Amino acid sequence: MKIAIFIFLTLFASITSSSPLEKVTLQLGWKYQFEFAGFIAAKEKGFYKEAGLDVELKEREADMDVVEVVLNGQADYGINDADLTLVKAQNKPVVLLANYFKRPALVIISKQTLLTPSDLIGKKVMITEEQLRNSSLALLLKAFNMTANDFQAIPHSFDAADFIRGDIDAMSAFLSNELYQIRQSKTPYNIIDPSAYGINAYHGNLFTAYSTAEHYRQRTQKLIDASNKGWEYALSHTEEMAELIYNNYSREKPLDALLYEADIIKKLILPDIKTLGSVNTNLVLHNFDVLKAADLIDSSASLNGFFFEAAAASKTPLFSKQELDYIQSLEKITLCVDPQWMPYEKIEQGQHIGISADYFNLLRQMIPTPIELVPTSNWTQSLAFARQRKCDLLSLVAATPEREKDWNFTSPYLNSPLVIATRTDELFVADIENVLNKKLGIVKGYAFAELLRNKYPTINLIEFDTLDEGLNKVAQGELFGFLDSLTTIGYALQNHYIGELKIAGKFDDKFELGIGVRNDDPILLAIFEKMVNAIPAAEHQTIINKWISVKYEKGTDYGLLWKLVAGIAVIGFLLLYRNFVQAKYLKEIAEQNELLLKLSITDKLTQVYNRAKLDDILQEQFDLYQRYRRPFSIIMLDIDHFKAINDTHGHLTGDAVLTSIADILKGHIRQTDILGRWGGEEFMIICPQNSAESAAILAEKLRVKISSHHYKHERRISASFGVAQIGDGMDIEQLVKRADDALYQAKDQGRNRVITQRA
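Anyway, here's the lowdown on the structure attached to this text. (Residues numbered from 1 in each chain as written. Predicted model: local features only at pLDDT ≥ 70, side-chain atom pairs only at ≥ 80, totals over all residues. Heavy atoms only, no water.)

Now for the overall build of the chain. Regarding its fold elements, the chain presents 28 helices and 27 strands. For the chain, the residues scored as buried account for 50% of the 759 residues in total. Of the contacts formed within the chain by residues at least 6 apart in sequence, a portion of 76% connects residues at least 24 apart. In the form shown here, the chain has an accessible surface area of approximately 35900 Å², with 51% of it arising from carbon and sulfur atoms. (Helix = DSSP H or I, 4+ residues; strand = E, 2+ residues; numbered from the N terminus. Buried < 20%, exposed > 50% of the residue type's maximum accessible area, 1.4 Å probe, protein only. Contact = heavy atoms within 4.5 Å. Areas by Shrake-Rupley, 256 points an atom, 1.4 Å probe, with all protein chains shown as cover.)

Next up, the structure:
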């Protein structure tokens, strides 16, 4: 009986403690390979399962547009190899969730005689349609005023054999993929890298559609966290993951190619200095502005809604799933405004400014779809455009029975009393009924014209195209007064009519102003109603304080003028200060980027180049040798009996010895030589345009300097050296092996000597 109860309780606990996993699909940017090892690790090692997710990883097909697959709902999430900001710049509702590759990966590999993008003119270039639209390569071509018509665009086979055979002159490639095949074939090549021309790209992006990010925030955050765990595991278990991919997922790449890819991917991700999956929003925004300034993307492009807000992952979505799907299905939303109604709004040099413009800037941040201004010359034309459905929205409008035939209206987000402006010599107007027989002006098409005529049939209203036109008539004595809101009348008097006009009366009637939405689109109305109600009270106050701070006087008040002068001076100072802060901020970003770059290539202890940087320089020298037959040699040196130093004096002393020897080497090599720590107590010196004989002479000089140096612990220290020169038919690995073999010959022959490995 006890056993039965125990079994029952165990089964019950297992059933109640586990809930069904939420199924999601993740569309990969290409085939199963190490480029996606982090996501594969998250699945295979159970990180997704721990987060309550059942993730299906889908390979990409050659002609597939991953962005469209996600936006069309065929996958919940995707991995984008191109720069996702370029997709967003085309007004597509994408949200960046995590970025893994911190260095650019997409390049053009060309024949060794084709060094710049301009050299590709008239050549055969294998490149995808998507890369011509949404990648750093597209920006590179634009920067050189080139289009796909300037060369022969060949459909991509994703096989470097086309380049190796000479069928094409250049091809787009991922540094970790096609380059391996080309290097193995020993085919000479050149790399055209967009980053060399100031075009920085962000690859390896985890992204989703705006509606998914908004509606499934908690699930999305779980996916990000589990994916980050997966990458942490994959990068620390590269051999295991390469074998897992090869055995369980795909044998399209041989194991050694996967291991090569793993090494390149690690250099692109920089896990030692960058947080896995992190997004440097400031840097992304800065680069986005640089692209705008260079006219490489449209100046109106915006990154509103582009960054996933992790801190808000648990908040209730503002929109329903239906509303989110609908809003992101719209290419754009058109907006009509009153082009002459300050401080509420105005069109100035094609730009929407004023109170309503500030509100719409807030609203734009809540949705991914762009809201585009439709220019008009006056309010009457704006209303006509609205009736013709040239505008989806009216920015600031009061509801009237006539307008309700064509429009729905959100809750008011602004209200202001109706007032009358008269000449300064007129008496105060306590009630509008006292002046119904006088000539009163109002802007043509304003809601109050309709409302006042309904309420006071005998009112003598004269309509004008603009507020200024009517106020001028009042100032000239042709009208008794002009009717408008307290906000607009006060603003006009303060800026243009001080001493001439005054506010002579304020009435109970109010301008209650909301957003007009075309009445054949109820979903759009629901969306904007929610947005208007979601604006924080503090934001309301900030906008009002910015635009409304008027005082009304009957004569010229020099105290007020001095205040205005002082205010202008303060504004000027603030603008100067803003420019100073902005310049300082951009300088700090540049300095931070420079520091991060230095950290990524520098050995922390000895402050010389690290192994990763040495690998890059070796490749550069090898490329120069292949193109121009420029010789170079390398020196490998190893500190003799270094383990004994650590065992006898401790690791701090060992570190001090390494630092001292690094200083000796730095002080006695040529300016053109490159020094780095190869690992442990081993150093490498790369000697460009130097024969093995010359490098051996340098090595002997360094050997003597090291052995004759006085170290703090009074122990005699020596080093053994191996020298090798690049030769025909030799690759980098063979060169390093030759130098390494020579080094160990030096150790076998008694240490503290130089051995040269002849070709």
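What follows covers unusual backbone geometry. Following M342, the chain continues into P343 via a peptide bond in cis, with omega recorded as 5°. Along the chain, P343 turns up in the loop between β12 (340–341) and β13 (345–348). Of note, the phi angle at N91 is positive, near 65°, even though the residue is not glycine. Tracing the chain through its elements places N91 in the loop between α5 (84–88) and β4 (94–101).

What follows is about the sheet that holds strand β27 (residues 754–757). Strand pairing in a sheet relies on backbone hydrogen bonds, with the paired strands running either antiparallel or parallel. Strand order in this open sheet of five strands is β24-β25-β23-β26-β27, and the pairing throughout is mixed. If you trace the sheet from one side to the other, it starts and ends with β24 (674–679) and β27, each paired once. The average angle at which neighbouring strand axes cross in this sheet is 20°, direction not considered. The pairing of β24 with strand β25 (residues 682–688) spans five bridges and is antiparallel. (Pairing = 2+ DSSP bridges. Axes fitted to C-alpha atoms, helices over the stretch in contact; angles between N-to-C directions.)

Here helix α2 (residues 37–44) lies mainly inside the structure; six of its eight residues are buried. Those residues of α2 that sit buried are A37, G38, F39, I40, A41 and A42. A positive phi of about 85° marks G46, the residue just after α2.

Here we take up the sheet that holds strand β7 (residues 152–154). Taken in spatial order, the five strands of this open sheet run β7-β6-β8-β5-β9, and their pairing is mixed. Each having just a single partner strand, β7 and β9 (190–192) make up the two edges of the open sheet. On average, each strand axis in the sheet is inclined to that of its neighbour by 30°, with strand direction left out of account. Summarising the sheet, strand β6 (residues 124–126) and strand β8 (residues 170–174) pair through two bridges and their orientation is parallel. Paired with M126 across the two strands is M171, which belongs to β8. Along the sheet, helix α7 (residues 136–143) contacts β5 (106–110), β8 and β9; its crossing angle with β5, the most-contacted strand, is approximately 60°.

Another point: the nonpolar core. The biggest cluster of nonpolar side chains holds 127 residues, and the ones touching the most others in it are L26, L206, W231 and F528. The element that contributes the greatest number of residues to this core is helix α13 (residues 255–269), accounting for eight residues. Not counting chain neighbours up to four residues away, the residues in contact with L206 comprise L26, Y77, G78, I79, V95, L96, L97, A98, Y100, L223, I224 and S227. (Core = buried A, V, L, I, M, F, W, Y, C linked by side-chain atoms within 4.5 Å.)

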